[in-house]
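Here's the letter readout for the chains.
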Amino acid sequence: MNTPNHEQEDEENEEEVFLDESDIIDEIAVDEEDLPDVDDGQSSDGDDAAPGPDDSIYTFTGHTGEVYTVACSPTDTTLVASGGGDDRGFMWKIGGADGVLELAGHGETVSSVAFSGDGQLLASGGYDATVKIWDVSSGNLKCSFQGPGDDIEWVKWHPRGHLVLAGSKDRNAYMWNADKEAYLTMFTGHGGQVTCGDFTPDGKTICTGSEDATMRVWNPKSGETIHVVKGHPYHTEPLTCLAINSNSTLALTGSVDCSAHIVNISTGGVVSSLIAHSDSVECVAFSPSGPWAATGSLDEKVIIWDLHHSVPRFSCDHEDGVTCLSWLGASRYVATGCADGKVRVWDSLSGICIKTFSGHTGIIQSLAVSANGDFLVSVAFDGMGRVFSISEFK
C-alpha cells in the first residue's frame, strides 16, 4: 500500500507565496449585497439536497407550469387529460411515454378538461374564452367554440350525449352541441362569474353556482331559470363548488362563507345547512355508498357529514388547507388533496387517515380516479401529474 509522504507535504504547505504590486492586473470593487446567498437546500459540497419521498408509480412531466385540472377517461383505464398555466393541455397514458398528445391552440391557461360519458370526446376550456372539443381516438381537434366574453372556469358533459356545458367569468353559462358543432343556449342571470355547475345525472336539469352567492336551477332546453336559491339561510358569499347526488334530487354547494348547504333541486329550497368549517369550503361531494357527504376547507379539515341528521360524523385534520377531494368509486374511502402537497385517503366509517401519498412539492389542485378504480391521479402547482396505486381501496 502506498502511503503519503507527510514530511514532504508539510514542507510544501510551509512555502510562502508573495504577490508584488506589478503582479496586480486590475482591481474590482465587490458589493457584498451582490454576492450569492448560501442555498440552504444544498450540502456543503454543493450537491442538491436529496429529494423527498415519492409514492407515485408514474409521473407525467409534460407541463412547464402549474397544473390546474385533471380527468380520467371513463372507458380507457390508463388515459388521462390535464391542463395548466402553461396554456397547454395534454392527453397521456399512465405508465408510458408513448401516446402523449398535446392539446395545442389555447392562448391562455387551460382551466378545465372533461371526457364525455362515452369517452369519445374531450373538452378543454381556457382563459382564452374558448372551449375546444377533441376526438379522443385520433387526437384531432374536432371543433372550437367561442362566444363567452371572458375566462372559461369549468366544462361539463351531458351524462348521455355530446352536449357540453361551460361556466364563464362573464357571468353566463353556455351550452353547445359537439356533434353538430353548434351553439345552443346561453344561461344568463347570475350577477357574478359562474364558478361551478353541472348537469344532473338524469340530464334533465342544470345547476350553477356563482360569485353572486346564488345557485340557479335551469331548464337546459329553454335556457330559462327554474329556481334562484339565495338569501337566508343560504350562502352570503361567493360559491366555490357544487355537487349533485346520484338520483338528481339534491345539490350540495360550498362557499367562501365557510358553510355548505343542501338544496332540493325540484323545489329550490334549502333542506340542510352544514355549518362547522372556519374558512372557505373549497370542495364538496356526496358519498356514493351511503347517506354521507364530504366537505373540504382551507381550515385544514375534511368533514364527513351524516346527512340524516346534518351533523359531522368525523373531522379529518390535515396539515394545510384542503383544495380538492374525491370519493374512490363506490367505496367508503375518500381521497383529499392538500396545500401541503400530500394526497391522503380516509376511511369514512372511522375518520382515520389510512394512507398518505407523497411526491408533490406544490399545492394539489385536482384529483381524478381511473375507471377501474386502480389509479388515483393528482396534479399540482409543481407542474407534475402523479399516479398513485389505490387498488387496495376498492
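This write-up is about the structure you can find in this document. (Residues numbered from 1 in each chain as written. Predicted model: local features only at pLDDT ≥ 70, side-chain atom pairs only at ≥ 80, totals over all residues. Heavy atoms only, no water.)

Remarks on the overall build of the chain
Then step 1. Scanning the chain from terminus to terminus reveals one helix and 32 strands.
Then step 2. Across the 394 residues that make up the chain, the buried fraction comes to 49%.
Then step 3. Look at the contacts in the chain between residues 6 or more apart in sequence, and 41% of them connect residues 24 or more apart.
Then step 4. Element-wise, carbon and sulfur atoms account for 46% of the exposed surface of the chain, whose accessible area totals about 18700 Å². (Helix = DSSP H or I, 4+ residues; strand = E, 2+ residues; numbered from the N terminus. Buried < 20%, exposed > 50% of the residue type's maximum accessible area, 1.4 Å probe, protein only. Contact = heavy atoms within 4.5 Å. Areas by Shrake-Rupley, 256 points an atom, 1.4 Å probe, with all protein chains shown as cover.)

Considerations on the side chain of S378
Then step 1. Within the secondary structure, S378 sits in strand β31 (residues 375–380).
Then step 2. A polar contact is formed between the side chain of S378 and the side chain of H360, at a distance of 2.8 Å. (Polar contact = N/O pair within 3.5 Å; in protein donor to acceptor, adjacent residues only side chain to side chain.)

Quick word on the sheet that holds strand β8 (residues 131–135)
Then step 1. In space, the four strands of this open sheet follow the order β6-β7-β8-β9, with antiparallel pairing throughout. The open sheet is flanked by β6 (110–115) and β9 (141–145), the only strands paired with a single partner. Pairs of neighbouring strands in the sheet enclose a mean axial angle of 15°, with direction left out of account.
Then step 2. Sheet topology places strand β7 (residues 121–126) next to β8; five bridges connect them, and they run antiparallel. Residue pairing across strands places A123 opposite I133, the latter belonging to β8. (Pairing = 2+ DSSP bridges. Axes fitted to C-alpha atoms, helices over the stretch in contact; angles between N-to-C directions.)

Notes on the pairing of strand β4 (residues 89–93)
Then step 1. With four of five residues buried, β4 is to be regarded as a mostly interior element.
Then step 2. Where strand β3 (residues 79–84) meets β4, five bridges bridge the pair, whose relative direction is antiparallel. Bridge pairing in β4 links G83 to G89.
Then step 3. Linking β3 back to β4 in an antiparallel pair, the connection comprises four residues, with D87 at a positive phi of about 70°.
Then step 4. Hairpin connection of β4 to strand β5 (residues 96–103): two residues between the antiparallel strands, including G95 at a positive phi of 90°.

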